[in-house]
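# Structural features, examined
Chain by chain, the residues run as shown.
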Amino acid sequence: MRILMVCLGNICRSPLAEGILKDKVKKAGLEWEVDSAGIGDWHAGELPDQRSIAIARRFGIDITDQRARQIRKEDLLDFDLILAMDDSNLRQVHLLAKQLSQTKAQVDMIMNYSEPGKNRAVPDPYYGGIDGFEKVFYMLDEATDRILERHQQSEKRIANS
Ligand code: 4NP
């Protein structure tokens, strides 16, 4: 499995989603690749936001090895699954996909894993306080649990078939 998390700036939400899922993947002994990217390039090369780093650290996860980057067309050919934080991110990923004649990635909103079919957004915490980042952490923790369950089950089905 190759999974790409996508938000607007790649410094607040998607780095947390990447860090949380990577931590679970490692603990489960899986060999999945997890990455993240932003729709915009304003923060390319930067560390995650200090508030994302702090929240992750509070839960024992270090995300300081991450650097922001902008999503590129090739990501739609390289990744199996691209998960957007909100509907604006999702639209932008679909626009990028339209520019290609074929894509590999399945594209969805990340919260559809924990609340199927609701298209619930992970709210952008950038202009708020640390509380918003904490809320984002809990939402992503839940969604990533479901991602792991769902895709581990399908990997087992493939292995047994
Ligand atoms: P993110 O949050 O999309 O969760 O990384 C944002 C970070 C920066 C900006 C917007 C959202 N910005 O406008 O610079």
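Residues numbered from 1 in each chain as written. Predicted model: local features only at pLDDT ≥ 70, side-chain atom pairs only at ≥ 80, totals over all residues. Heavy atoms only, no water.

### A look at the site of the ligand
Spelled out, the test is: The cutoff for a nearby residue is simple: one of its non-hydrogen atoms must lie within 4 Å of the molecule or strand. As used in this structure description, the phrase polar contact means that two N or O atoms lie within 3.5 Å; if the pair is within protein, one of them must be able to donate a hydrogen and the other to accept it, and residues adjacent in sequence are counted only when both atoms belong to side chains. Only the protein chains shown count as cover for residues, and all accessible areas are computed by the Shrake-Rupley method using a 1.4 Å probe. Three categories are distinguished: nonpolar for Ala, Val, Leu, Ile, Met, Phe, Trp, Tyr, Cys and Pro, charged for Asp, Glu, Lys and Arg, and polar for the others, with Gly belonging to the last.
Taken together, Cys7, Leu8, Gly9, Asn10, Ile11, Cys12, Arg13, His43, Asp124, Tyr126 and Tyr127 make up all the residues around the ligand. Separating an oxygen atom of the ligand from a side-chain N or O atom of Arg13 is a distance of 2.8 Å. Out of a free accessible area of 350 Å², the ligand has 90% covered by protein chains. Partitioning the shell around the ligand into residue classes produces six nonpolar, three polar and two charged.

### Side note on the packing of aromatic side chains
Spelled out, the test is: Note on aromatic pairs: the rings of Phe, Tyr and Trp (six-membered ring only in Trp) are paired at centre separations within 6.5 Å, and the planes decide the class, stacked below 30 degrees, edge-to-face beyond 60, tilted for the rest. A helix here means a DSSP run of H or I that spans at least four residues, while a strand means a run of E at least two residues long, and both kinds are numbered starting from the N terminus. Categorising residues by exposure relies on relative accessible area from a 1.4 Å probe, with only protein chains included: less than 20% of the type maximum marks a residue as buried, more than 50% marks it as exposed, and the intermediate range marks it as partly exposed.
One pass over the full model with this rule turns up four aromatic pairs. Considering the side-chain rings of Phe59 and Phe137, the 4.1 Å spacing of their centres and the 15 degrees angle between planes classify their relative orientation as stacked. In this pair, Phe59 sits in the loop between helix 2 (50-58) and helix 3 (75-78) while Phe137 sits in helix 5 (residues 130-160), placing the two residues 78 residues apart along the sequence. Accessibility expressed as a relative area gives 33% for Phe59, which makes it partly exposed.

### Some details on the UniProt feature "domain: Phosphotyrosine protein phosphatase I" (unreviewed entry) in the protein chain
Defined as follows: UniProt positions are given in the numbering used here, feature names are shortened, and annotations may be inferred rather than shown by experiment.
If you check UniProt for "domain: Phosphotyrosine protein phosphatase I" (unreviewed entry), the listed places come out as residues 1-150 in our numbering. Taken end to end, residues 1-150 is 41% helix and 13% strand, and its first and last C-alpha atoms sit 12 Å apart.

### Section: the environment of His43
Put simply, the test is: Residue contacts are defined here by distance: any two heavy atoms, one from each residue, within 4.5 Å place the two residues in contact.
Note that His43 resides in the loop between strand 2 (33-38) and helix 2. For the pair formed by His43 and Thr144, sequence separation is 101 residues and the distance between their alpha carbons is 25 Å. When neighbours within four sequence positions are excluded, His43 is seen to be in contact with Gly9, Ile11, Ala68 and Tyr126.

### What about the layout of surface pockets?
Inclusion rule: Any residue with an atom within 4 Å of a point lines the site, the site being either a cavity, points on a 1 Å grid over the protein atoms alone where a 1.4 Å probe fits but cannot get out, or a pocket, an open set with protein on both sides within 12 Å along at least 5 of 7 lines. Grid points are joined across faces, edges and corners, and a volume is the space filled by probe spheres set on the points.
When its volume is computed, the largest pocket comes out at roughly 190 Å³. Lining of the largest pocket is provided by Gly19, Lys22, Asp23, Lys26, Gly60, Ile61, Asp62, Ile63, Asp65 and Gln66.

### Observations concerning the sheet that holds strand 3 (residues 81-84)
Pairing between sheet strands relies on hydrogen bonds along the backbone, with the strands arranged either parallel or antiparallel. The cut-off we apply is this: DSSP bridges decide pairing: two strands pair if at least two such bridges lie between them. To get an axis, a line is fitted to the C-alpha atoms, and for a helix only the part in contact is used. The angle between two axes follows their N-to-C directions and goes from 0 to 180 degrees.
Spatial ordering of the open sheet is given by 2-1-3-4, a layout of four strands whose pairing is parallel. The sheet terminates laterally at strand 2 and strand 4 (106-109), the two strands that pair on one side only. If you compare each strand with its neighbour and ignore which way they point, the axes differ by 20 degrees on average. Helix-sheet contacts for helix 4 (residues 87-98) involve strand 1 (2-7), strand 3 and strand 4, and the interaxial angle to strand 4 is about 165 degrees.

### Looking at the packing of helix 2 against helix 5
For clarity, the threshold we go by: By definition in this entry, angles of less than 35 degrees are roughly parallel, angles greater than 145 are roughly antiparallel, angles of 65 to 115 are roughly perpendicular, and the rest are oblique. Working rule for handedness: look at the near helix, and if it is turned counterclockwise from the far one by less than a right angle, call the crossing left-handed; if clockwise, right-handed.
Two numbers describe how helix 2 lies on helix 5: the axes approach to 10 Å, and their chain directions differ by 55 degrees. Classified by the angle their axes make, helix 2 and helix 5 are oblique. Read as a crossing pair, helix 2 and helix 5 show a hand that is right-handed. Side by side, helix 2 and helix 5 meet where Arg51, Ser52, Ile55, Ala56 and Arg58 of the first sit next to Ile130, Phe133, Glu134 and Phe137 of the second.

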